[in-house]
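Fold and geometry: a report
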Amino acid sequence: MATYHLSLKNGAKGKGGPHALYIMRLGKFSKGEKGQQVIASGEINLPYWAKNSYEFFRAADIYERANGRSYSEFEIALPNELPPDENIRLVKEFINNAIGSSFVISYAIHETNAALHEGTIQPHAHIMFSVRQMTDTPANAKKASLFFKRYNKKCPERGGYAKDRRYTAKAASVKNLKEARLLWENLVNSAYQKNGIDKKISSKTLKEQHLEALDKGDTLLAGFLDRPKPMRLNLRQLSITRKKIMAFLESGKEEHLKLEQ
């Protein structure tokens with residue numbers, strides 16, 4: 001079973017601009033190793049007043065309501081068995097189907113070395129978007145100071161764009177996120193099949209997969225799936241963990257040499 005990871009997070013007001021710099025590797029993130037990690041990126045529906053993602057999401061930081069959100073973001077692990085152009089295609093198809101064509105979207109695909117497995121490439125995508133549904137063309141979009149204001153149902157021209165609450169409203173977000181996760185599963189598995197790769201990913205939890213295997217009488221697979229959910233670490237935690245593991249292994253080598261002597 002190939003690795004599956006798709007998560008959705010919502011960025012608080014004040015975090016949009018800095019995060020756009022990070023995923024697009026702009027500013028201080030453009031230098032050194034980090035600056036070389038972006039293999040593809042794109043900006044969709046930027047209004048005329050924003051030259052880049054940073055300017056758009058910085059405006060969200062300024063004009064969204066207090067304690068509001070500046071952005072939502074899908075973070076997705078990409079299959080390293082597929083070539084980069086195929087992963088780019090998958091990301092674009094996911095954006096079209098899971099978000100849509102009337103939103104401001106920035107995406108970047110990064111290729112990094114797996115923190116705990118040297119030599120293993122770990123591609124992943126950041127898809128950052130505003131939940132404001134833009135009903136005008138980018139050239140005719142509302143100015144920044146109005147774009148993020150509260151929607152005015154009676155006089156739409158006096159307010160900002162309405163928010164799409166598919167992934168933020170409590171009643172709908174769980175269902176819609178589950179559908180987005182299933183969409184990604186189907187896209188990747190279809191790409192595997194097309195490229196002759198005998199692998200599959202699943203958006204279901206380990207528990208759900210374990211029960212399915214038991215129902216099918218596949219005790220070997222059920223035993224494999226009967227394990228704790230893997231712990232997700234951020235990049236800093238991964239780096240610290242890897243250093244600790246390497247230090248432990250090195251200390252073991254030293255002790256072994258001492259015993260031999």
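Anything mentioned here points back to the structure above.
This write-up is about the structure you can find in this document. This is a predicted model, so every value here is computed, not measured. (Residues numbered from 1 in each chain as written. Predicted model: local features only at pLDDT ≥ 70, side-chain atom pairs only at ≥ 80, totals over all residues. Heavy atoms only, no water.)

1. Concerning the packing of aromatic side chains
Quick note on the threshold: For this analysis, a ring pair means two rings from Phe, Tyr or Trp (six-membered ring only for Trp) whose centres lie within 6.5 Å, classed as stacked if their planes differ by under 30 degrees, edge-to-face if by over 60, and tilted for the remaining angles. The numbering of helices and of strands both runs from the N terminus, where a helix is a DSSP run of H or I of at least 4 residues and a strand a run of E of at least 2. Buried, partly exposed and exposed residues are distinguished by accessible area as a fraction of the type maximum, computed with a 1.4 Å probe on protein chains only: under 20%, between the cut-offs, and over 50%, respectively. Placement of a charge over a ring requires the Lys NZ or Arg CZ to be within 6 Å of the ring centre, with the centre-to-atom vector within 35 degrees of the ring normal.
Within the structure shown, the criterion is met by 14 aromatic pairs. Relative to Phe56, the ring of Trp49 lies with its centre 5.7 Å away and its plane at 20°, an arrangement referred to as stacked. With centroids separated by 6.4 Å and ring planes inclined at 70°, the aromatic side chains of Trp49 and Phe148 adopt a geometry described as edge-to-face. Note that Trp49 is positioned in the loop between strand S2 (38-44) and helix H3 (53-63) and Phe148 in the loop between helix H5 (144-147) and helix H6 (170-194), a separation of 99 residues in sequence. Judged on exposure class, the residue Trp49 and its partner Phe148 are both buried. The structure contains a cluster of three or more aromatic residues connected by ring pairs, namely Trp49, Phe56, Phe57, Tyr71, Phe147, Phe148 and Tyr161. The ring of Tyr22 carries the charged tip of Arg25 above its face, separated from the ring centre by 4.6 Å.

2. Some points on unusual backbone geometry
The residue Arg25 is not glycine, and still its phi comes out positive at about 55°. Inspection of the secondary structure assignment puts Arg25 in the loop between helix H1 (16-24) and helix H2 (32-35). In this structure, Asn45 is a non-glycine residue whose phi angle is positive, near 65°. Following the sequence through the fold, Asn45 ends up in the loop between S2 and H3.

3. What about the packing of helix H4 (residues 84-98) against H6?
Under the convention used in this document: Between N-to-C directions, angles cover 0 to 180 degrees, with each direction set by a line fitted to C-alpha atoms, over the stretch in contact for helices. Oblique is the label for every angle not falling under 35 degrees (roughly parallel), over 145 degrees (roughly antiparallel), or within 65 to 115 degrees (roughly perpendicular). Handedness of each helix crossing follows the sense of rotation of the near helix against the far helix: counterclockwise by less than a right angle gives left-handed, clockwise gives right-handed. The contact criterion used is simple: two residues touch if any of their non-hydrogen atoms lie within 4.5 Å.
Contact geometry of H4 with H6 gives a least axis separation of 10 Å together with a crossing angle of 150°. In terms of their interaxial angle, H4 and H6 are classed as roughly antiparallel. In the crossing of H4 with H6, the sense of the turn from one axis to the other is right-handed. Residue-level inspection shows Glu86, Arg89, Leu90, Val91, Glu93, Phe94, Asn97 and Ala98 of H4 in contact with H6, the latter providing Ala180, Leu183, Trp184, Leu187, Val188, Ala191 and Lys194.

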